[in-house]
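A closer look at the structure
Letter by letter, the chains look like this.
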Amino acid sequence: MALDRSLLQLPLRFIRLLAGLPAPLRFTLRERELTLWIPPPSLLPTLLLVRFHTPLQFTTLLDLTCVDYPDRSPRFQLVYQLLSYRFNLRLTLRTATDGSIPSATGCFPGANWLEREVWDLFGLPFLGHPDLRRILTDYGFSGHPLRKEFPLVGFEEVRYDDQRRRVVLEPLEFGQQYRHFALGLPWVRRPPSPSQFQ
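This write-up is about the structure you can find in this document.

**Here we look at the environment of Asp68**
- Within the fold, Asp68 resides in strand E3 (residues 60-68).
- Contact partners of Asp68, with chain neighbours within four places excluded, come to Arg75, Phe76, Phe122, Leu146, Arg147 and Lys148.
- There is a polar contact of 2.6 Å between the side chain of Asp68 and the side chain of Arg75.

**Quick word on the packing of aromatic side chains**
- Applying the stated criterion to the full structure yields 1 aromatic pair.
- On the basis of an interplanar angle of 80° and a centroid distance of 6.4 Å, the ring pair of Phe76 and Phe122 is categorised as edge-to-face. Taken together, the residues span a long stretch of sequence, with Phe76 in strand E4 (residues 76-84) and Phe122 in helix H3 (residues 111-122) at a distance of 46 residues.
- Classification of Phe76 as buried rests on a relative accessible area of 2%.
- Judged by its relative accessible area of 7%, Phe122 is buried.
- In this structure, Arg116 is placed above the aromatic ring of Trp113, and the distance from its NZ or CZ to the ring centre is 5.2 Å.

**A short note on helix H2 (residues 43-52)**
- All of the buried residues in H2 are Leu43, Thr46, Leu47, Leu49 and Val50. In a view along the axis of H2, the buried residues occupy a sector of 165°, so they form one face of it.

Calculation rules
- Residues numbered from 1 in each chain as written.
- Predicted model: local features only at pLDDT ≥ 70, side-chain atom pairs only at ≥ 80, totals over all residues.
- Heavy atoms only, no water.
- Helix = DSSP H or I, 4+ residues; strand = E, 2+ residues; numbered from the N terminus.
- Contact = heavy atoms within 4.5 Å.
- Polar contact = N/O pair within 3.5 Å; in protein donor to acceptor, adjacent residues only side chain to side chain.
- Phe/Tyr/Trp six-rings, centres within 6.5 Å; stacked < 30°, edge-to-face > 60°.
- Buried < 20%, exposed > 50% of the residue type's maximum accessible area, 1.4 Å probe, protein only.
- Lys NZ or Arg CZ within 6 Å of the ring centre and 35° of its normal.
- Arc of directions from axis to C-beta.

Laid out in C-alpha coordinates, this is it:
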(Lines give C-alpha, C1' and ligand atoms only; values in the text may rest on other atoms or scores of the structure.)
Protein backbone atom coordinates (compact mmCIF):
# COMPACT_ATOMS: atom_id res chain seq x y z
CA MET A 1 0.00 0.00 0.00
CA ALA A 2 2.86 2.40 0.73
CA LEU A 3 4.13 2.05 -2.83
CA ASP A 4 0.70 2.87 -4.23
CA ARG A 5 0.45 5.92 -1.97
CA SER A 6 3.91 7.06 -3.09
CA LEU A 7 2.84 6.52 -6.69
CA LEU A 8 -0.12 8.82 -6.18
CA GLN A 9 2.17 11.40 -4.57
CA LEU A 10 4.64 11.26 -7.49
CA PRO A 11 2.83 13.94 -9.58
CA LEU A 12 2.85 16.29 -6.58
CA ARG A 13 6.56 15.62 -6.10
CA PHE A 14 7.15 16.50 -9.78
CA ILE A 15 5.15 19.70 -9.47
CA ARG A 16 7.29 20.79 -6.50
CA LEU A 17 10.59 19.83 -8.16
CA LEU A 18 9.81 21.27 -11.59
CA ALA A 19 8.24 24.50 -10.33
CA GLY A 20 11.24 26.56 -11.48
CA LEU A 21 11.07 25.41 -15.09
CA PRO A 22 9.40 27.81 -17.53
CA ALA A 23 6.38 26.01 -18.88
CA PRO A 24 3.04 24.52 -18.17
CA LEU A 25 3.31 20.85 -17.29
CA ARG A 26 0.63 18.21 -17.73
CA PHE A 27 0.43 14.88 -15.89
CA THR A 28 -1.57 11.70 -16.26
CA LEU A 29 -1.32 8.61 -14.09
CA ARG A 30 -2.65 5.35 -15.51
CA GLU A 31 -1.81 1.70 -14.85
CA ARG A 32 1.10 2.56 -12.51
CA GLU A 33 2.71 4.66 -15.25
CA LEU A 34 3.11 8.40 -15.05
CA THR A 35 3.07 10.47 -18.25
CA LEU A 36 4.51 13.98 -18.19
CA TRP A 37 4.12 16.47 -21.05
CA ILE A 38 6.87 19.08 -21.13
CA PRO A 39 8.01 21.78 -23.60
CA PRO A 40 11.32 21.32 -25.49
CA PRO A 41 13.32 23.91 -23.45
CA SER A 42 12.50 21.97 -20.25
CA LEU A 43 13.46 18.56 -21.66
CA LEU A 44 17.12 18.41 -20.66
CA PRO A 45 16.64 19.84 -17.13
CA THR A 46 13.76 17.41 -16.59
CA LEU A 47 15.81 14.42 -17.78
CA LEU A 48 18.68 15.41 -15.47
CA LEU A 49 16.29 15.83 -12.56
CA VAL A 50 14.47 12.51 -12.97
CA ARG A 51 17.75 10.63 -13.34
CA PHE A 52 19.84 12.10 -10.54
CA HIS A 53 17.29 13.25 -7.93
CA THR A 54 17.29 10.72 -5.08
CA PRO A 55 13.50 10.37 -4.58
CA LEU A 56 12.98 9.70 -8.31
CA GLN A 57 15.96 7.73 -9.72
CA PHE A 58 14.68 7.00 -13.24
CA THR A 59 18.14 5.76 -14.22
CA THR A 60 17.29 3.79 -17.35
CA LEU A 61 16.15 5.16 -20.71
CA LEU A 62 14.18 2.27 -22.19
CA ASP A 63 13.14 3.82 -25.47
CA LEU A 64 12.95 7.03 -27.44
CA THR A 65 10.62 7.31 -30.38
CA CYS A 66 8.86 9.92 -32.45
CA VAL A 67 5.36 10.32 -33.88
CA ASP A 68 4.62 12.43 -36.96
CA TYR A 69 1.37 14.44 -36.94
CA PRO A 70 1.50 16.49 -40.18
CA ASP A 71 -1.78 18.31 -39.48
CA ARG A 72 -0.67 19.54 -36.02
CA SER A 73 1.62 22.31 -34.94
CA PRO A 74 4.16 21.40 -33.65
CA ARG A 75 4.33 18.45 -35.97
CA PHE A 76 6.54 15.90 -34.17
CA GLN A 77 6.00 14.38 -30.75
CA LEU A 78 8.99 12.78 -29.02
CA VAL A 79 8.31 10.07 -26.45
CA TYR A 80 10.93 9.08 -23.84
CA GLN A 81 10.30 5.89 -21.81
CA LEU A 82 12.16 5.83 -18.46
CA LEU A 83 12.37 3.21 -15.71
CA SER A 84 13.20 3.46 -12.01
CA TYR A 85 14.54 0.11 -10.82
CA ARG A 86 14.60 1.26 -7.23
CA PHE A 87 10.89 2.14 -7.09
CA ASN A 88 9.71 -0.15 -9.91
CA LEU A 89 8.02 2.75 -11.71
CA ARG A 90 7.82 3.83 -15.33
CA LEU A 91 7.77 7.39 -16.58
CA THR A 92 6.84 8.60 -20.05
CA LEU A 93 8.10 12.05 -21.01
CA ARG A 94 6.45 13.62 -24.04
CA THR A 95 7.43 16.78 -25.85
CA ALA A 96 6.39 18.30 -29.16
CA THR A 97 8.64 20.16 -31.60
CA ASP A 98 9.01 21.31 -35.20
CA GLY A 99 12.73 21.93 -35.07
CA SER A 100 15.78 20.71 -33.25
CA ILE A 101 15.76 19.24 -29.77
CA PRO A 102 18.61 19.02 -27.20
CA SER A 103 20.43 15.70 -27.08
CA ALA A 104 20.06 13.46 -24.02
CA THR A 105 23.36 11.62 -24.58
CA GLY A 106 25.05 13.54 -21.77
CA CYS A 107 22.47 12.25 -19.30
CA PHE A 108 21.71 8.83 -20.81
CA PRO A 109 24.56 7.42 -22.96
CA GLY A 110 22.15 4.86 -24.44
CA ALA A 111 20.25 7.70 -26.10
CA ASN A 112 23.02 7.88 -28.73
CA TRP A 113 21.61 5.13 -30.95
CA LEU A 114 17.99 6.02 -30.25
CA GLU A 115 18.52 9.66 -31.28
CA ARG A 116 20.36 8.54 -34.42
CA GLU A 117 17.37 6.34 -35.29
CA VAL A 118 14.90 9.20 -34.79
CA TRP A 119 17.07 11.52 -36.90
CA ASP A 120 17.46 8.91 -39.65
CA LEU A 121 13.77 7.99 -39.88
CA PHE A 122 12.08 11.33 -39.06
CA GLY A 123 14.74 13.98 -39.78
CA LEU A 124 14.68 15.61 -36.33
CA PRO A 125 18.17 16.96 -35.46
CA PHE A 126 19.48 16.66 -31.90
CA LEU A 127 21.64 19.56 -30.76
CA GLY A 128 24.89 18.47 -29.13
CA HIS A 129 24.75 14.88 -30.35
CA PRO A 130 28.29 13.44 -30.63
CA ASP A 131 27.77 11.39 -33.83
CA LEU A 132 24.54 12.21 -35.67
CA ARG A 133 24.56 10.11 -38.84
CA ARG A 134 22.35 7.53 -40.51
CA ILE A 135 21.91 4.24 -38.71
CA LEU A 136 19.17 2.26 -40.51
CA THR A 137 19.16 3.60 -44.06
CA ASP A 138 22.00 3.77 -46.56
CA TYR A 139 24.32 6.80 -46.48
CA GLY A 140 23.22 7.86 -49.97
CA PHE A 141 19.55 7.61 -49.02
CA SER A 142 17.50 10.75 -49.59
CA GLY A 143 14.63 11.62 -47.29
CA HIS A 144 13.35 10.26 -44.02
CA PRO A 145 11.12 7.19 -44.48
CA LEU A 146 8.80 7.49 -41.45
CA ARG A 147 7.63 11.00 -42.27
CA LYS A 148 4.05 11.01 -43.49
CA GLU A 149 4.92 12.77 -46.77
CA PHE A 150 7.46 10.10 -47.74
CA PRO A 151 6.11 7.99 -50.63
CA LEU A 152 5.14 4.41 -49.82
CA VAL A 153 7.43 2.90 -52.45
CA GLY A 154 10.39 5.25 -52.00
CA PHE A 155 12.44 6.93 -54.72
CA GLU A 156 15.13 4.38 -55.52
CA GLU A 157 15.63 0.65 -55.46
CA VAL A 158 18.68 -1.24 -54.30
CA ARG A 159 19.58 -4.48 -56.06
CA TYR A 160 22.57 -6.68 -56.74
CA ASP A 161 23.85 -6.52 -60.34
CA ASP A 162 25.43 -9.83 -61.47
CA GLN A 163 27.36 -8.23 -64.35
CA ARG A 164 28.94 -5.49 -62.22
CA ARG A 165 29.22 -7.77 -59.18
CA ARG A 166 28.08 -5.12 -56.76
CA VAL A 167 25.01 -3.51 -55.25
CA VAL A 168 23.57 -0.72 -57.42
CA LEU A 169 21.14 2.07 -56.66
CA GLU A 170 18.66 2.86 -59.45
CA PRO A 171 15.59 5.04 -59.86
CA LEU A 172 12.47 3.08 -59.07
CA GLU A 173 10.58 1.77 -62.12
CA PHE A 174 7.35 -0.18 -62.18
CA GLY A 175 7.65 -2.88 -64.83
CA GLN A 176 4.02 -3.98 -64.92
CA GLN A 177 0.70 -2.27 -65.19
CA TYR A 178 -1.69 -2.23 -62.30
CA ARG A 179 -3.92 -5.26 -62.27
CA HIS A 180 -7.63 -5.35 -61.60
CA PHE A 181 -8.75 -8.14 -59.32
CA ALA A 182 -12.21 -9.49 -58.75
CA LEU A 183 -12.25 -9.37 -54.97
CA GLY A 184 -15.25 -11.62 -54.51
CA LEU A 185 -15.38 -14.59 -52.20
CA PRO A 186 -14.27 -17.79 -54.00
CA TRP A 187 -16.80 -20.03 -52.22
CA VAL A 188 -19.81 -17.90 -53.22
CA ARG A 189 -21.22 -19.04 -56.55
CA ARG A 190 -22.67 -16.41 -58.82
CA PRO A 191 -25.18 -17.24 -61.50
CA PRO A 192 -23.67 -17.19 -64.99
CA SER A 193 -24.19 -14.01 -66.95
CA PRO A 194 -25.99 -14.12 -70.36
CA SER A 195 -22.83 -12.86 -72.10
CA GLN A 196 -21.07 -16.13 -71.25
CA PHE A 197 -23.49 -18.15 -73.44
CA GLN A 198 -23.21 -16.08 -76.59
